[in-house]
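Observations on the model geometry
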Amino acid sequence: MNKTQKWILWAVLLTILALYPIVFGIYYSNVFVTFAIFALFAVTLNLLLGYTGLLSFGHAMFFGTGGYGTAIALEHIEGLPLLPAVLIGVLAAVALALILCPIMVRVSGTAFAMLHLAFGQLMYVLALKLRVITGGEDGVGGFPIPPFSIPGILSIDMTNPLNFYYFAIAVLGLSIWFIWYFTKTPLGSVMVSVRDNDNRVAYMGFMVPQTKAIIYVLAAAFAGVAGSIYALFQNLIAAGDGFHILVSFAPIMMVMVGGIGSFFGPIMGAAIFGIIEELTSRYTERVELVMGLILILVIMFAPLGFLGFLRYIKERWFGKRPDMTTTEDVA
Amino acid sequence: MNILETRAITHDFSGLQVLLDVNLEVKAGERHAIIGPNGAGKTTLFNVITGTYRPSEGEVFFKGKDITGFKPHKLVRLGMGRSFQITSTFSRMTAFQNIRMGILSKRGIRFNMFRILDKMQDVTAETDEVLKRINLDGERNVPAGMLSYGKSRSLEISMAMATDPELVMLDEPTAGMSKDETHHAVELIRRLTEGKTLVIIEHDMDVVFSLADRITVLHLGTILASGAPADIRADQAVKDAYLGEMEV
Ligand SMILES: Nc1ncnc2c1ncn2[C@@H]1O[C@H](COP(=O)(O)OP(=O)(O)OP(=O)(O)O)[C@@H](O)[C@H]1O
Ligand SMILES: [Mg+2]
């Protein structure tokens, strides 16, 4: 793809995103925001799972901490502007990651997964029990949503769903772009080599724990962004949406279904889940049942997920060999 | 001057004595072979020198500096490089990407997250140069795990040298190779270690006697003999313990 084509593609994409709420209306705009939140969340999990080879059963704790951070800040600090509120949520998630990472960068495999399960559950219980701060089961809700403002220049009302759509898509889109960029940098390539063979990485002169720590904090920070936007979007964050074990499992399933082998697989997975949820929830309460079934089918018949399946079809029917020169194929 | 020295290295794995009072001396610029029967402790000695384990007792000196217990990444930065007996490449990354890791390390690019790696022309150029030198330019974009055995061994050896170390430690680089592949590998090693110090563990006596300036024989965790190839060939104890059975 040359430069002009790239620009055209970007222009088309941005136009679609800009016109989407106008064409489809507010209901589907909100569906799209939910999708985008989980797309970013899944991408951050994939940074650990797909790129670094670390399976976490507690990624929700960063999502939840981001959400609670923003919500509690807005509840207590009068006149707190929008972006600082998001930033507080992100910093809360980063702080949690910094506390955990001295342990987490030294374990992998089952220990990594189980420690996250444990800490994730701990956060869930804390959110329920620290009623004074977290509001217990009801969570933190009804906090003021500040306008997006640049003092003296403009102030955009964020309680308007259309405005919020543009704000959320911009923040989430930029975050995903940033993570994509990161995977292409030298540190991003060290990350992939850690997954392949962490022992050899050390013997090539790289510091494995420090590298893992940076990736871990980065994944937590952007999971925090997703959580923060989620709290603003719902004007509510509760233990059930923020810290529940299913919130940890959702991005794992999205990554598996979309395709663990590429950067865009998790986004695809989030889209598939969004669509399925939208369709099945009209007929049944048992959305998880359908999701679980799909996951089973994917694991059995398309272990590289939806994108892996597409690539396979392309190879089989069009005789195209996958392009090995790009670092995009992480599997 | 000794570039590498171990002083009274002793190592045991929870009671199992594997190395006992090993005093290895490697002079700067020499090609030093370590030979000995299976289980003699050769790989363990490498592991103790390169930071996989801290020795139970004794010290390791590199370029006159006490490096006992240093971590691998630190030793690489001091100028040590090693390969593994069992191929240990980045199997899902291409040959190019494997070598590039070494080039990045050599250039001190370790935590950069602000530039796109594929656009760093100088890194790409240097990596391609290395690939050409080791005859892997044809396999540039093949994942390391899909290379032929001989080629993956070449990659294994070259990764140890991609960081441009002063001291290269190769653990049975020709293990499992055909006669032809072995010949090519020896030529490659000879070429790449020009001007460097080489410590090589090797079972193939043709390789040892064609490559080495000095030989150390390890047997049951202790040094049986150490000296010039001719002396080792003539040494009765070595013949009894090792060379005799190999019919040199
Ligand atoms: N991590 C370990 N834990 C316990 N025992 C070990 C460990 N590594 C090696 N050993 C034992 O130490 C002894 C020496 O092993 P080492 O791998 O150093 O031998 P070697 O000389 O490299 O042999 P080979 O020629 O077969 O590669 C063997 O008896 C081996 O079983
Ligand atoms: Mg060995």
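If you're wondering where the values come from, they're calculated on a predicted model, not measured in any experiment.

1. Considerations on the sheet that holds strand β7 (residues 80-82) of chain B
All names here are of chain B. Taking strand neighbours across the sheet as the criterion, the six strands line up as β7-β8-β9-β4-β10-β11 in an open arrangement whose pairing is mixed. Strand pairing shows two members of the sheet lacking a second neighbour, β7 and β11 (222-227), which therefore form its edges. Ignoring which end each strand starts from, the neighbouring axes of this sheet average 15° apart. Where strand β10 (residues 214-219) meets β11, five bridges bridge the pair, whose relative direction is antiparallel. By the bridge assignment, Leu218 is partnered in β11 with Ile223.

2. Focus on the site of ligand 1
Residue and element names in this part refer to chain B. Taken together, 14 residues surround ligand 1, and among them Gly39, Lys42, Thr43, Thr44 and Gln85 come closest. At 3.2 Å from a nitrogen atom of ligand 1 is found a side-chain nitrogen or oxygen belonging to Tyr53. A distance of 3.0 Å separates an oxygen atom of ligand 1 from a polar side-chain atom of His203. Every element with two or more residues in the shell around ligand 1 is listed here: β2 (16-22) and α1 (42-49). Top element by residues in the shell around ligand 1 is α1. It accounts for three residues.

3. Some remarks on the pairing of strand β8 (residues 167-171) of chain B
All names here are of chain B. Most of β8 is tucked away: five of the five residues are buried. Side chains Leu167, Met169 and Asp171 project from β8 onto one buried face, and the interleaved Val168 and Leu170 project onto a second face that is buried too. Pairing geometry for β7 and β8, over three bridges, is parallel. By the bridge assignment for β8, Gly81 is matched with Val168.

4. Brief notes about the packing of aromatic side chains
Residues and elements named next belong to chain B. Throughout the structure, instances matching the rule amount to 24 aromatic pairs over all chains. Here the guanidinium or amino end of Arg82 rests over the ring plane of Phe84, the centre of that ring lying 4.3 Å away. Over the ring of Phe96 we find Arg140, and its NZ or CZ is 3.9 Å from the ring centre.

5. Let's talk about the coordination of the magnesium ion (ligand 2)
For a metal with four donors in a tetrahedral arrangement, the ideal angle between donors is 109.5 degrees, while six donors in an octahedron ideally sit at 90 or 180 degrees. Residue and element names in this part refer to chain B. Those donors, Thr43 (OG1) and Gln85 (OE1), are the protein atoms that reach the magnesium ion (ligand 2), and they lie 1.9 to 2.1 Å from it. Highlighted residues: Thr43 in helix α1 and Gln85 in the loop between β7 and α3 (95-106), separated in sequence by 42 residues. The exposure class of Gln85 is partly exposed, given its relative accessible area of 31%.

6. With respect to the interface of chain B and chain A
Each partner contributes residues to the interface: chain B has 41 residues there, and chain A has 32 residues. Here chain B packs against chain A, burying approximately 3200 Å² in sum over the two surfaces, 64% of which is carbon and sulfur. Counting the surface chain B buries against chain A, the share from its top three residues, Arg92, Phe111 and Met113 of chain B, is 21%. Our count for the chain B to chain A interface comes out at two salt bridges. In this structure, Arg92 of chain B engages Asp196 of chain A in a salt bridge whose closest nitrogen and oxygen atoms are separated by 3.4 Å. In this structure, the connection of chain B to chain A is made through 16 residue pairs in polar contact (both at pLDDT 80 or more). The greatest single-element share of the side of chain B that touches chain A, amounting to seven residues, is contributed by α3 of chain B.

7. A short note on the environment of Pro21 of chain A
All names here are of chain A. Among the secondary structure elements, Pro21 is positioned in helix α1 (residues 3-51). Overall, the relative accessible area of 5% leaves Pro21 in the buried class. In contact with Pro21, other than residues within four places in its own chain, are Ile26, Ser29, Leu162, Tyr165 and Tyr166.

8. Concerning the side chain of His11 of chain B
All names here are of chain B. By the secondary structure assignment, His11 is in strand β1 (residues 2-13). Within the structure, His11 has its side chain in polar contact with the backbone nitrogen of Ser56 (distance 3.2 Å). Every residue in contact with His11, bar those within four places of it in the chain, is listed here: Leu16, Gln17, Val18, Leu19, Thr44, Val48, Tyr53, Arg54, Pro55 and Ser56.

9. Side note on the confidence of the model for chain A
The predicted coordinates ought not to be read in detail in places where the model reports low pLDDT. Per-residue confidence for chain A gives a mean pLDDT of 88, with 96% of residues at or over 70. Under a pLDDT of 50 for its full length, residues 323-331 of chain A has, in the predicted model, 29 contacts with residues more than four places off or in other chains.

10. Looking at the pairing of β10 of chain B
Residues and elements named next belong to chain B. Pairing of strand β4 (residues 31-35) with β10 involves four bridges; the strand directions are parallel. Counted as the bridge partner of Ile35 is Val217 from β10. Taking the residues between adjacent antiparallel strands as the criterion, β10 and β11 are bridged by two residues, where Leu220 takes a positive phi near 50°.

11. With respect to the packing of helix α2 (residues 60-76) of chain A against helix α4 (residues 109-129) of chain A
Residues and elements named next belong to chain A. Relative to each other, α2 and α4 sit at 30°, their axes nearing to 10 Å. In terms of orientation, α2 and α4 fall into the roughly parallel class. Seen along the crossing, α2 lies across α4 with a hand that is left-handed. Along its contact with α2, which presents Met61, Thr65 and Tyr68, the element α4 presents His116, Phe119, Gly120, Met123 and Ala127. Residues of the contact of α2 with α4, tallied by class, amount to five nonpolar, three polar and no charged.

12. Description of the side chain of Glu202 of chain B
All names here are of chain B. Take Glu202: it is sitting in the loop between β9 (197-201) and α7 (205-211). With no salt bridge to any partner, buried Glu202 finds its closest opposite charge in Arg153, at an N-O distance of 7.8 Å. At 2.8 Å, the side chain of Glu202 and the side chain of Thr174 are in polar contact. Those residues within four positions of Glu202 in sequence are excluded, and the remaining contacts are Ile34, Ile35, Glu172, Pro173, Thr174, Val207 and Val208.

Cut-offs used in this document
- Residues numbered from 1 in each chain as written.
- Chains lettered and ligands numbered in written order.
- Predicted model: local features only at pLDDT ≥ 70, side-chain atom pairs only at ≥ 80, totals over all residues.
- Heavy atoms only, no water.
- Pairing = 2+ DSSP bridges.
- Helix = DSSP H or I, 4+ residues; strand = E, 2+ residues; numbered from the N terminus.
- Axes fitted to C-alpha atoms, helices over the stretch in contact; angles between N-to-C directions.
- Near = heavy atom within 4 Å.
- Polar contact = N/O pair within 3.5 Å; in protein donor to acceptor, adjacent residues only side chain to side chain.
- Buried < 20%, exposed > 50% of the residue type's maximum accessible area, 1.4 Å probe, protein only.
- Phe/Tyr/Trp six-rings, centres within 6.5 Å; stacked < 30°, edge-to-face > 60°.
- Lys NZ or Arg CZ within 6 Å of the ring centre and 35° of its normal.
- Donors = N, O, S within 2.8 Å, 3.2 Å for Na, K, Ca; no water.
- Contact = heavy atoms within 4.5 Å.
- Buried area = accessible area lost by both parts, 1.4 Å probe.
- Salt bridge = Lys/Arg side-chain N within 4 Å of Asp/Glu carboxyl O.
- pLDDT = per-residue confidence, 0-100.
- Parallel < 35°, antiparallel > 145°, perpendicular 65-115°, else oblique.
- Left-handed = near helix turned anticlockwise from the far one by under 90°.
- Nonpolar A, V, L, I, M, F, W, Y, C, P; charged D, E, K, R; others polar.
- Lys, Arg positive; Asp, Glu negative; His and termini not counted.

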